[in-house]
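Residue-level structural notes
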Amino acid sequence: MPRTYAIRTFGCQMNEHDSSRAAGLLETIGYRPADSVETADLVLVNTCAVRENADNKLYGTLGHLRTLKAERGTTLVVGGCLAQKDGATVAEKAPWVDVVFGTHNLGSLPDLLLAADSATLPVVELVEQLESFPSALPAKRDVRHHAWVSISVGCNNSCSFCIVPSLRGPEVSRRVGDIVGEVQALVADDVVEVTLLGQNVNSYGRDLEVDGRAGRSLFADLLRALGSVPDLERVRFTSPHPRDFTLDVLDAMAETTNVCEHLHLPLQSGSDRLLKAMRRSYRAERYMDLVRRTRELMPEATLTTDIIVGFPGETDEDFAATMAVVEEARFEQAYTFKYSPRPGTDAAMMVDDFVDDAIVTTRYHALEALTRRHSLESHQRLIGSTQELLVQSPSKTDPTRLSGYTRGHHLVHLPADDRFAPGDLVTTEIREASTNYMIGSPAIDVRRTRAGRATEAALARGEGWQIRHLPPTDPAPESATRRRLPVLPG
Ligand code: SAH
Ligand code: SF4
Ligand code: F3S
């Protein structure tokens, strides 16, 4: 019987991407997906550290897993950003864990598991610099039709609230040709949609030398290059940074048919004073210029954002400025966060300016009410329109429905139909709208894809819509050697 694994992922899409690489690595050494965390032989927790409650979540999860380990001897692995931040502390607080590794050495996972077999203490390995670009590692996608593709890792900015650069390191870009090559290989393997990942996609490529020149963003070029990959239906990306956003990226979006009309443009605050303190070097007016320009060029485009409430020193006037920008921009969706002090960041030192929690909560609710109203209105405006959906999955709550996403990334449920499966493209008319999703008519038109046909065949075999099984591969030879000795805590 092959050993089985389960992965719990916290945090952003970078972590989702890393988890699919971790799954790929585990499968190359003979592991197979488990049906649940409870039945898995190995559980990997891929952690996030962007806000404080991530810590509580990790230690809560590890407490639960301790019981599981006592009952079933489960191998427990902790990876990702919080592991990079806390390292040996994780092993001290939860000594029942087998392996801890960070954000830069995902590729070491098979070696670390081998080392853990003969170790009595947790095997901890953290390195300061990226060992290999995650895309160089094998990947195991969740679904046939979609893949994450990292175009750069790390971040060269120093937003004063943000811990990410200290965990993911400086920005390193991949070459355009490598990315296009990976995307072509993914399309040959049934993928119809890719999401390009970078902490700041607008600075993508500045570190690369092209024709003897460096320092220029190559993101618009990359979008155009991906526009000519046959059978690639949809390209998404996250996140752009408003400071570095150049209009040629908007032009490339508008001109490249397979680039979806969705821009996730993190605002963080609408107050120029706070943007300065956050070291986000754009101002509200520049941000709104970008919003207006986007709406002019792509009237169908969906705009989404991230906003922090209660950054140190935030006054009623600062918050009113944020509300004013939000009112004008009318985001289709906004992810709102209460400011959370992160160790080692400049904002965490502004203790005297921390905003009273009750005030933050009141502001948070006011902002959330406004952004939810905008989400609802944007969905209501689409009633009666026809939309093409990339079918994602059976609905979680209703087996007679499937769910899919419009090009603008709106979630739509529509009646299931034996003409299509997850991975196919279907046209529907929007009939009903609520804040978080819309309801579509029975499919008006269906475009089958290779992913849809493969998923349909898997469903007919009773395998489910997620990719569960890869062809068996030989387990790694016992002689696999460790590149470096594990660091043992204590
Ligand atoms: N690279 C992306 C953001 C990555 S972090 C960008 O620059 O847009 C994702 C989001 O988490 C951020 O946009 C921010 O809104 C939020 N965030 C980051 N640090 C935070 C903190 N200390 N407290 C609250 N929210 C935070
Ligand atoms: Fe963090 Fe700013 Fe970099 Fe985004 S751009 S990851 S918020 S430092
Ligand atoms: Fe992402 Fe969280 Fe790390 S947001 S980069 S997983 S700290």
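Every chain begins its residue count from 1, and numbering advances along the sequence as written. Chain letters start at A and ligand numbers start at 1, both assigned in the order the entries are written. Where totals are concerned, whole chains, interfaces and linings use all residues; where local detail is concerned, this predicted model gives features only for residues with pLDDT of at least 70, and gives and counts side-chain atom pairs only at 80 or more.

1. Considerations on the domain arrangement of the protein chain
For the record, the criterion: Domain start and stop points were drawn from an automatic or database domain assignment. Note that contacts rest on C-beta atoms placed from the backbone: two residues are in contact if these are within 7 Å. Helix and strand definitions here come from DSSP, where helices need a minimum of 4 consecutive H or I residues and strands a minimum of 2 consecutive E residues; each element is numbered from the N-terminal end. The residue classification treats Ala, Val, Leu, Ile, Met, Phe, Trp, Tyr, Cys and Pro as nonpolar and Asp, Glu, Lys and Arg as charged. All others, Gly included, are polar.
One can read the domain layout of the protein chain as domain 1 (4-131), domain 2 (141-260), domain 3 (262-381) and domain 4 (386-460). With nine residues of domain 3 in contact, the opposing surface of domain 4 contributes seven residues. For the side of domain 3 that touches domain 4, the element with the highest residue contribution is helix 13 (residues 357-381), accounting for five residues. For the side of domain 3 that touches domain 4, a count of residues per class yields two nonpolar, five polar and two charged.

2. What to know about helix 5 (residues 109-117)
Just so we agree on the cut-off: Each residue is classified by how many other C-beta atoms fall within 10 Å of its C-beta atom, where C-beta atoms are placed from the backbone; a count of 20 or more means buried, 12 or fewer means exposed, and values in between mean partly exposed.
All of the buried residues along helix 5 are Leu109, Asp111, Leu112, Leu113 and Ala116. Check the buried side of helix 5 and you find it contacts helix 1 (13-28), strand 5 (99-101) and strand 6 (123-125).

3. Some remarks on the site of ligand 1
The cut-off we apply is this: Each residue gets a C-beta atom placed from its backbone. If that atom is within 6 Å of a molecule or strand, the residue is near it.
Taken together, 17 residues lie near ligand 1, and Gln199, Pro266, Asp306, Phe337 and Ser340 sit nearest. Its residues assigned to classes, the shell around ligand 1 shows eight nonpolar, six polar and three charged.

4. Here we look at the packing of helix 11 (residues 284-297) against helix 12 (residues 316-329)
Note the threshold: In this description, a line fitted to the C-alpha atoms serves as the axis of each element, helices being fitted only across the stretch in contact, and the angle between N-to-C directions of two axes falls anywhere from 0 to 180 degrees. By the definition adopted for this analysis, an angle is roughly parallel if under 35 degrees, roughly antiparallel if over 145, roughly perpendicular if from 65 to 115, and oblique otherwise.
Relative to each other, helix 11 and helix 12 sit at 10°, their axes nearing to 11 Å. Classified by the angle their axes make, helix 11 and helix 12 are roughly parallel. Residue-level inspection shows Ala284, Tyr287, Met288 and Val291 of helix 11 in contact with helix 12, the latter providing Ala321, Val325, Glu328 and Ala329. Tallied by class, the residues present in the contact of helix 11 with helix 12 amount to seven nonpolar, no polar and one charged.

5. So, the sheet that holds strand 7 (residues 146-150)
Neighbouring strands of a sheet are bound in pairs by backbone hydrogen bonds; such pairs are parallel or else antiparallel. Defined as follows: Note on pairing: two strands pair once DSSP finds at least 2 bridges between them.
Spatially, 7-10-11 is the arrangement adopted by the three strands of the open sheet, whose pairing is parallel. Only two strands of the sheet have a single partner each, and these edge strands are strand 7 and strand 11 (234-238). Strand-to-strand twist across the sheet, computed as the mean angle between neighbouring axes with direction ignored, equals 25°. Pairing geometry for strand 10 (residues 193-197) and strand 11, over five bridges, is parallel. From the neighbouring strand, Leu196 faces strand 11, where its bridge partner is Phe237. Lying on the sheet, helix 7 (residues 176-188) is in contact with strand 7 and strand 10; it crosses strand 7 at an angle near 165°.

6. Thoughts on the packing of helix 12 against helix 13
For the pair helix 12 and helix 13, the least separation of the axes is 10 Å and the interaxial angle reads 10°. Comparing their axes, helix 13 and helix 12 come out roughly parallel. Every residue of helix 13 that contacts helix 12 at Phe319, Thr322, Met323, Val326 and Glu327 is listed here: Arg363, Leu367, Leu370 and Thr371.

7. Describing the nonpolar core
Worth spelling out the cut-off: By our criterion, buried Ala, Val, Leu, Ile, Met, Phe, Trp, Tyr and Cys residues that link up through C-beta atoms within 7 Å make up a nonpolar core.
Counting residues in each nonpolar core, the largest one holds 118 residues, and the members touching the most others are Val100, Val149 and Leu223. Once you skip the residues sitting within four places of it in the chain, Val100 turns out to touch Val78, Ala83, Gly87, Val90, Ala91, Pro122 and Val124.

8. Details of the sheet that holds strand 14 (residues 333-338)
Ordered in space as 12-13-14, the three strands form an open sheet in which the pairing is parallel. If you trace the sheet from one side to the other, it starts and ends with strand 12 (262-264) and strand 14, each paired once. Looking at each pair of strands side by side, their axes are set apart by 10° on average, direction ignored. With three bridges joining them, strand 12 and strand 13 (residues 302-309) adopt parallel strand pairing. Residue pairing for strand 13: Leu263 is matched across the bridge by Leu303.

9. Examining the site of ligand 2
Every residue near ligand 2 is listed here: Cys155, Asn157, Cys159, Cys162, Val164, Pro165, Gln199, Asn200 and His241. Grouping the constituent residues of the shell around ligand 2 by class yields five nonpolar, four polar and no charged.

10. Some remarks on unusual backbone geometry
Cis rather than trans, the peptide bond between Thr238 and Ser239 has omega equal to -5°. Note that Ser239 resides in the loop between strand 11 and helix 9 (247-255). Its identity is not glycine, yet Asp211 carries a phi of approximately 50°, on the positive side. Relative to the assigned elements, Asp211 resides in the loop between strand 10 and helix 8 (219-227).

11. Brief notes about the pairing of strand 3 (residues 42-47)
Put simply, the rule is: The path from the first strand over the helix to the second decides the hand: if it runs clockwise while the strands point away from the viewer, the crossover is right-handed.
With respect to burial, strand 3 is a largely interior element, five of its six residues being buried. Summarising the sheet, strand 3 and strand 4 (residues 75-80) pair through six bridges and their orientation is parallel. Bridge pairing links Val43 to Leu76 in strand 4. Regarding the hand of the β-α-β motif, the stretch spanning strand 3, helix 2 (residues 53-72) and strand 4 is right-handed.

12. Some details on the pairing of strand 13
Counting buried residues in strand 13 gives seven out of eight residues, a clear majority hidden from the surface. Inspection of the sheet shows strand 13 paired to strand 14 by six bridges, in the parallel sense. Counted as the bridge partner of Thr305 is Ala334 from strand 14. At this point the chain moves from strand 13, through helix 12, to the parallel strand 14, and the crossover so formed is right-handed.

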